[in-house]
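Structural overview for review
Each chain, written out:
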Amino acid sequence: MRGKLVVGNWKMHGGLRQNDALLADLRAGWQPADAREIAVCVPFPYLWQAQAALSGSAIAWGAQNVSEHPIGAHTGEVAATMVAEFGCRYAIVGHSERRAMQGETDDAVAAKAAAALDAGLVPIVCVGETLEQRQAGETKTIVLRQLAAVIARLGKRMAQMVVAYEPVWAIGTGKTATSDQAQEVHRLLRDHLRAADTTAGDVSLLYGGSVKASNAKALFACADVDGALVGGASLKADEFLSIAIA
Ligand code: PEP
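Right, let's walk through the structure included here. (Residues numbered from 1 in each chain as written. Predicted model: local features only at pLDDT ≥ 70, side-chain atom pairs only at ≥ 80, totals over all residues. Heavy atoms only, no water.)

Right, let's talk about the pattern of salt bridges for a bit. What the rule picks out here adds up to 13 salt bridges. The closest approach of N and O atoms between D106 and R145, which form a salt bridge, is 2.7 Å. Within this pair, whereas D106 is found in helix α5 (residues 106–118), its partner R145 is found in helix α7 (residues 139–154), the two being separated by 39 residues in sequence. Note that R157 and D118 form a salt bridge whose closest N and O atoms lie 2.8 Å from each other. Note that R157 is positioned in the loop between α7 and β6 (162–165) and D118 in helix α5, a separation of 39 residues in sequence. On the basis of relative accessible area, D118 is assigned to the exposed category, the value being 56%. Salt bridges linked by common partners bring R98, E104 and K112 together as one network. (Salt bridge = Lys/Arg side-chain N within 4 Å of Asp/Glu carboxyl O. Helix = DSSP H or I, 4+ residues; strand = E, 2+ residues; numbered from the N terminus. Buried < 20%, exposed > 50% of the residue type's maximum accessible area, 1.4 Å probe, protein only.)

Here we come to the layout of surface pockets. The volume enclosed by the largest pocket comes to roughly 390 Å³. In terms of lining residues, the largest pocket is bounded by 14 residues, among which K11, M12, Q64, R98 and Q102 are the most central. Broken down by element, the lining of the largest pocket gets its largest block of residues, 3 residues, from helix α4 (residues 96–101). In this structure, the second largest pocket encloses a volume near 240 Å³. Lining the second largest pocket we find 18 residues, and of these G172, S210, V230, G231 and G232 sit closest to its centre. Split by residue class, the lining of the second largest pocket holds 6 nonpolar, 9 polar and 3 charged. (1 Å grid on protein atoms, 1.4 Å probe; cavity = no way out; pocket = protein on both sides within 12 Å on 5 of 7 lines; lining within 4 Å. Points joined across faces, edges and corners; volume = space filled by probe spheres on them. Nonpolar A, V, L, I, M, F, W, Y, C, P; charged D, E, K, R; others polar.)

Dropping the structure here:
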């Protein structure tokens, strides 16, 4: 059975002092529950801080991106092996903000997922459609196209990734997909993964997009929603922990 995984994406938020408080509150407040796991994905400079604050706890941590390259002349990039040195379990790849603002292509995202796996990290691969694409009836085409690149690149290793369905129109907007909308896309992703490789039918599928304590329970009740990728609400320990136990 797939347990629930709730991952916080701090995005470009934080500072040494506020991180200390947030990490300490998470550590003090998290009562590990059966088949529930939580993690925080922090900006690169704070990976050491997450490691120091969370080592020995039941909370995992990770990065929000990795380079598709293993090493070399890539100024400003951070290799997955570097991230792994800080005890990370996860690396988000292909977040819609990076696809839109840094021009990350499906192939680049797939290469990042492979680089993460090579370094022993679990890639959390984000897929999702814009509002225009949804309104044009293209949701299925878009998410399956994004997923196809990763499937082609990872082959059998696809079973080791996590996929986050994050409709772009729901990220940071306060608009959450309804349970039916989330379940419909998660089911599609699950069926597609299972068809690609029988072992991939159990890949954890997270929903992301304005998840809050007030809507998490309904989303988690969906048969194919295995947890959440949480942006804004992960910056408040109480709210994030309430989501995690919803
Ligand atoms: C995200 O950035 O992955 C996200 C889901 O953000 P928010 O929860 O703030 O919509």
